[in-house]
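# Observations on chain architecture
If you want the building blocks of each chain, they are given just below.
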Amino acid sequence: MLTIEDYYSSLFPNYHPTRVLVLVYQPFALLTLTILAWNEARINTRLRILVGYCLFFLSSLLIPVLDLRTSGHGGIGHFLGICIASALFGVADAHVQGGMAGDLSYMRHEFLQSFFAGVAASGTITSILRIVTKAAFQASEDGLRKGALTFFFISTCFVLGCVLLYAFVFPHIEVIKYYRLEAASQGSKTVVADLAAGGLTLESLKQDLEFHKEVNRLSTFQLLMQNVDLAAALFLTYALTLSIFPGFLAEDTGMHKLGSWYAVILIAMFNVGDFLARYIPLIENMKLESRWGLLVAACSRFLFIPCFYFTAKYGAQGWMLLLCIFLGLSNGYLTVCILVTAPKGYKGPEQNSLGNLLVLSLLLGVFAGVTLDWLWLIGKGW
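Residues numbered from 1 in each chain as written. Predicted model: local features only at pLDDT ≥ 70, side-chain atom pairs only at ≥ 80, totals over all residues. Heavy atoms only, no water.

Now for the side chain of Ser-86. Following the sequence through the fold, Ser-86 ends up in helix 4 (residues 76-105). Judged by its relative accessible area of 3%, Ser-86 falls in the buried class. (Helix = DSSP H or I, 4+ residues; strand = E, 2+ residues; numbered from the N terminus. Buried < 20%, exposed > 50% of the residue type's maximum accessible area, 1.4 Å probe, protein only.)

What follows is the structure in structure tokens.
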């Protein structure tokens, strides 16, 4: 939805869609994830994630259907429908991202890195897809809308693929079954449905599960207190990123030779940098694991604010593109370093809970960022 900002800006020029849609999405994501994170030990993780992916699919399908229903004429009714879809995306994201982060936290850290690299890869793929669809229909009548609809329908097919992969492929991967069995032996009840979906009979586990019924584990609050520094670093990382991306990049960088392509290219540069940086921590010598170092690095990113402000006001296109790449690189690198550092030394159920808490911190940072993003409008009629 953010990558399609050029279409929404032309369809709803008076509603600030790039900023409003993110702001609508966040309260629903935060409230849902807060409830899920605090009750994660009693929730069926498989059902939670499947509900999230199905919501993603239905919301993705709703967007082009609304456009076809209104014949692409915009209006307040169409915009409210898009806002409802954005709110559903927030609920879906809380189910999926928190659930997957918790699920993978008690496995190998490479799995967690791979999942969040996939999140960034999706941004890169959607940027490429948007550029291709925009270019393909540029010369045709109503080309912007045709390109947007093609983009949405292809994206919906990708989401349907996620539903099918998680439901029918993921539970049967041998290494996944191994770590879920290990988590069950440590007293985790959230993996029972996943093990059953993987074709395992739970008879052999019953004694283990009963034995670990009262297993001692840290409470959610204790885990938060022990990792408040990492939670703060993740919060600050996303607060800074979302105060610039995508609202400022889409609406406040002025007019340039690239015209309507400018914001699309800027967002693509951020996504590429974010994607590449999430693989850097796989190189052991380049992985930052110091908690103090991660917090300092997250705070230092606030220097991007004056850099973007003065570049937008006085700089050329090339400098803005370079800044977007560095914004993405720092965002992706810190995200993976924080998320793979935190779960070390904890039991499976505690790692699951901690993964949910960190994603909650991430979404709190996103909410703070999209709220602060409106401050760029001061002096522009506000």
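Our next topic: the packing of aromatic side chains. A complete count under the given rule lists 17 aromatic pairs for this structure. Ring centres of Phe-56 and Phe-89 lie 5.8 Å apart, and the angle between their planes is 40 degrees; this geometry places the pair in the tilted category. In this pair, Phe-56 is assigned in helix 3 (residues 45-69) and Phe-89 in helix 4, connecting sequence segments 33 residues apart. The class of Phe-56 is buried, set by a relative accessible area of 17%. Among the residues examined, Phe-89 registers a relative accessible area of 12% and is labelled buried. Centre to centre, the rings of Phe-275 and Tyr-279 are 5.5 Å apart; their planes meet at 85 degrees, and the pair counts as edge-to-face. (Phe/Tyr/Trp six-rings, centres within 6.5 Å; stacked < 30°, edge-to-face > 60°.)

The next subject is unusual backbone geometry. The backbone of His-16 sits at a positive phi, close to 50 degrees, despite the residue not being glycine. If you trace the backbone, His-16 turns up in the loop between helix 1 (5-11) and helix 2 (17-38). The partly exposed category is assigned to His-16, whose relative accessible area is 22%. Phi at Ser-71 takes a positive value of approximately 60 degrees, unusual for a residue other than glycine. For Ser-71, a relative accessible area of 40% gives the class partly exposed.

All right, on to the environment of Leu-236 then. Here Leu-236 is to be found in helix 11 (residues 228-244). Along the backbone, Leu-236 and Glu-284 are 48 residues apart, and their C-alpha atoms lie at a distance of 24 Å. Apart from the residues within four sequence positions on either side, Leu-236 is in contact with Leu-295, Ala-298, Cys-299 and Phe-302. (Contact = heavy atoms within 4.5 Å.)

Here we take up the packing of helix 3 against helix 4. At their nearest, the axes of helix 3 and helix 4 sit 8 Å apart, and the two run at 155 degrees to each other. Between helix 3 and helix 4, the crossing angle belongs to the class labelled roughly antiparallel. Crossing angle aside, the handedness with which helix 3 passes helix 4 is left-handed. A breakdown of the residues in the contact of helix 3 with helix 4 according to their chemical character gives 17 nonpolar, nine polar and four charged. (Axes fitted to C-alpha atoms, helices over the stretch in contact; angles between N-to-C directions. Parallel < 35°, antiparallel > 145°, perpendicular 65-115°, else oblique. Left-handed = near helix turned anticlockwise from the far one by under 90°. Nonpolar A, V, L, I, M, F, W, Y, C, P; charged D, E, K, R; others polar.)

Looking now at a nonpolar patch on the surface. A surface patch of nonpolar side chains, amounting to about 600 Å² of accessible area, comprises Leu-160, Leu-164, Leu-165, Phe-168, Val-169, Ile-173 and Val-175. With four residues, helix 6 (residues 143-168) is the largest single contributor of residues to the nonpolar patch. Mapped onto the secondary structure, Phe-168 falls in helix 6. (Patch = residues over 30% accessible without salt bridge, like charges linked within 9 Å, V, L, I, M, F, W, Y side chains within 5 Å. Areas by Shrake-Rupley, 256 points an atom, 1.4 Å probe, with all protein chains shown as cover. Salt bridge = Lys/Arg side-chain N within 4 Å of Asp/Glu carboxyl O.)

Next up on the list: the side chain of Thr-32. Within the secondary structure, Thr-32 is located in helix 2. For Thr-32, a relative accessible area of 16% corresponds to the buried category.

Here we take up the pattern of salt bridges. Counted by the stated rule, this structure contains ten salt bridges. The partner of Asp-67 in a salt bridge is Arg-145, and the shortest N-O contact between them spans 2.6 Å. Of the two residues, Asp-67 is situated in helix 3 and Arg-145 in helix 6; the sequence distance between them amounts to 78 residues. Accessibility assignment for this pair places Asp-67 and Arg-145 in one class, buried. Residue Glu-289 pairs with Lys-344 through a salt bridge whose shortest N-O separation is 2.4 Å. Taken together, the residues Glu-289 in the loop between helix 13 (261-277) and helix 14 (291-300) and Lys-344 in the loop between helix 16 (317-341) and helix 17 (348-372) connect sequence positions 55 residues apart. Residue class for Glu-289 comes out partly exposed when judged on its relative accessible area of 36%.

On to the nonpolar core, then. Side chains that are nonpolar tend, in soluble globular proteins, to be buried together. One finds Tyr-8, Tyr-53 and Met-100 to be the most contacted residues of the largest nonpolar core, which totals 80 residues. Here this core gets eleven residues from one element, more than from any other, and that element is helix 4. Setting aside residues up to four positions removed in sequence, Tyr-8 forms contacts with Met-1, Pro-17, Leu-21, Ile-63, Ile-82 and Phe-152. Within the second largest apolar cluster, 14 residues are counted, among which are Tyr-262, Ile-267, Phe-308 and Leu-327. (Core = buried A, V, L, I, M, F, W, Y, C linked by side-chain atoms within 4.5 Å.)

An ideal rise of 1.5 Å per residue puts 24 Å on 17 residues; helix 13 measures up with 24 Å between its terminal C-alpha atoms. Counting buried residues in helix 13 gives twelve out of 17 residues, a clear majority hidden from the surface. (Expected span 1.5 Å × (residues − 1).)

For the rest of this paragraph, the subject is the packing of helix 14 against helix 16. Here helix 14 crosses helix 16 at 155 degrees, and the two axes come no closer than 11 Å. By the angle class used here, helix 14 and helix 16 are roughly antiparallel. When you trace helix 14 past helix 16, the crossing you get is left-handed. Packed against helix 14, whose contacting residues are Leu-294, Ala-297 and Ala-298, the element helix 16 presents Leu-334, Cys-337, Ile-338 and Thr-341 at the interface. Looking at the contact of helix 14 with helix 16, its residues break down into six nonpolar, one polar and no charged.

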